[in-house]
There are 2 protein chains.
Amino acid sequence: MKLYEMAKAPNPRRVRMFLAEKGLLDEVTCIEIDLAKGENLSTDFSAKNPMNKVPVLELDDGTCISETTAICRYFEEHYPDSPKLLGNDANEKAIIEQWTRWVDFYLFLPIGMGFQHTTDYFAHRMNPIKEWGESNIEQAMKFFDFLDNHLKDHDYIACGRLTAADINAFCSVDFGKVVNLRVNESHPHLKHWYERIKARPSAAV
Amino acid sequence: MKLYEMAKAPNPRRVRMFLAEKGLLDEVTCIEIDLAKGENLSTDFSAKNPMNKVPVLELDDGTCISETTAICRYFEEHYPDSPKLLGNDANEKAIIEQWTRWVDFYLFLPIGMGFQHTTDYFAHRMNPIKEWGESNIEQAMKFFDFLDNHLKDHDYIACGRLTAADINAFCSVDFGKVVNLRVNESHPHLKHWYERIKARPSAAV
């Protein structure tokens, strides 16, 4: 299987970290796509993912699967003997999916919007709206507060153990650097959790 | 189980339609939350969903699950004898999740942004940015084109049969009305699919 990705980008990192925690990283060959050079906009890549985003998983039969959580779902279902990171039963699966979506919509997406709209990184392809970018960065900061409060009474985001919810939240919190959001003493519980997750070997892949 | 929702809102509709297709609508008691009156911002409701959004599923033990797709996942996993709408195997589950996310990020979210930022509906709670709203409506229109092209060769969005991908796309396409996006002859394949899905009893619940 091939995993089209960009090593520095946050969504591919979520997939790699998920695979590392499941012991499945060796199952994929990683192929770097240079977003700055627009390699994701080529006709070849569009055929793999019409949305032109990384990561994309290409199965050996040519089937392509886009979207981070869909790729994680594929591995969770296809390798039932690997550690379950998306939940053991209906309640856990729903709660982990709820958290993944909260992280996506209230942290990851706002950070991405903040970056796109307050910097000129993609200005050749879009029209940045500074006011919109700034309001998104405020939204992401509020989610840092929310996470800090949640982690006051929880060692992990959900289910009392490491799950995909932690992986997604950790990679998203780290992604905050692009808009100068960093975990520090003002969020002590988030910081404690962040440092514990960062110490895992999977955080370095 | 209680389903906190707003009958006219598109995300609760996705859950009701999903439950209707699975024959599980009678499993929940629907409780209307009036978003225009801000009932979702109350302390009681925040305790159920700190993001203050509908729908929320409250289990009989008090556990609350937010996010449309997480609620659907709960029913898919908890009622394994009901028709499977999230896929039968790893490949199908991943492809349906991919499509659900494409619909969320490239259609549903842009329509919502377009509505929030080009009308004054939520102006008392946020600062609408017209330029941002208009660019989102353009994005949603592009996804209509994309869906029309996809449905030229497919009777359903994924897996050759009705799945949650169709339900999510159908409710999202219908939601387009709030920004004057309507399915018509300019998208003949999308129109044909839309009319077939609309004819299902589940589309009226």
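Fair warning: this is a prediction, and the values are worked out from it, not measured in the lab.

### Quick word on the sheet that holds strand β4 (residues 64–66) of chain B
Residues and elements named next belong to chain B. One open sheet accounts for four strands, arranged β2-β1-β3-β4; its pairing is mixed. Every other strand in the sheet has two partners, leaving β2 (29–32) and β4 as the edge strands with one partner each. Mean inter-strand twist for the sheet, computed between neighbouring axes without regard to direction, equals 25°. Relative to strand β3 (residues 56–58), strand β1 (residues 2–5) runs antiparallel, the two being bridged by three bridges. What sits directly across from leucine 3, in β3, is leucine 57. Helix-sheet contacts for helix α3 (residues 68–78) involve β1, β3 and β4, and the interaxial angle to β4 is about 125°.

### Examining the nonpolar core
Soluble globular proteins tend to pack their nonpolar side chains together in the buried interior. Core analysis: the biggest nonpolar cluster contains 119 residues, and Leu57, Phe75 and Trp193 of chain A together with Leu57, Phe75 and Trp193 of chain B have the highest contact counts within it. Beyond its immediate chain neighbours, meaning those up to four positions away, tryptophan 193 of chain A contacts Leu151, Asp155, Tyr156, Ile157, Asp166, Ala169, Phe170 and Val173 of chain A.

### Points about the UniProt feature "domain: GST N-terminal" (unreviewed entry) in chain A
With numbering aligned to this structure, UniProt lists the feature "domain: GST N-terminal" (unreviewed entry) at residues 1–83 of chain A. Between the end C-alpha atoms of residues 1–83 of chain A there is a gap of 20 Å, over a span that is 36% helix and 17% strand.

### Points about the side chain of serine 202 of chain B
Topologically, serine 202 of chain B is positioned in the segment after α7 (188–198). Here glutamate 21 of chain B takes part through its side chain, which lies 2.6 Å from a polar atom of the side chain of serine 202 of chain B.

### Remarks on the pairing of β2 of chain B
All names here are of chain B. Relative to β2, β1 is paired through four bridges, and the arrangement is parallel. Across the sheet, residue lysine 2 finds its bridge partner in β2, namely threonine 29. As a crossover connection, the stretch from β1 through helix α1 (residues 10–22) into β2 is right-handed.

What counts, and at which threshold
Residue positions are given per chain, counted from 1 along the sequence in the order it is written. For this description, chains carry letters from A and ligands carry numbers from 1, given in the order in which they are written. A pLDDT threshold of at least 70 governs which residues receive local features in this predicted model, and a stricter bar of 80 or more applies before side-chain atom pairs are shown or counted, although totals over entire chains, interfaces and linings include all residues. The basis for the side-chain values is all heavy atoms of the structure; hydrogens and waters are excluded. By definition, two strands form a pair when at least two bridges between them are found by DSSP. Counting from the N terminus, the helices are the DSSP runs of H or I reaching at least four residues and the strands are the DSSP runs of E reaching at least two. For helices, the axis comes from a line fit to the C-alpha atoms of the stretch in contact; other axes are also lines fit to C-alpha atoms, and the angle between any two N-to-C directions lies between 0 and 180 degrees. Two residues qualify as a contact provided that any one of their heavy atoms is within 4.5 Å of a heavy atom in the partner residue. Only buried residues count toward a nonpolar core, which is a set of Ala, Val, Leu, Ile, Met, Phe, Trp, Tyr and Cys residues joined through side-chain atoms within 4.5 Å. Only protein chains enter the calculation, and the probe is 1.4 Å; a residue is then buried if its accessible area is under 20% of its type maximum, exposed if over 50%, and partly exposed in between. UniProt positions are given in the numbering used here, feature names are shortened, and annotations may be inferred rather than shown by experiment. Any pair of nitrogen or oxygen atoms within 3.5 Å is treated as a polar contact; in protein, a donor-acceptor pairing is required on top of that, and neighbouring residues in sequence qualify only through side-chain atoms on both sides. Seen with its strands pointing away from the viewer, a crossover is right-handed when the path leading from the first strand over the helix to the second is clockwise.

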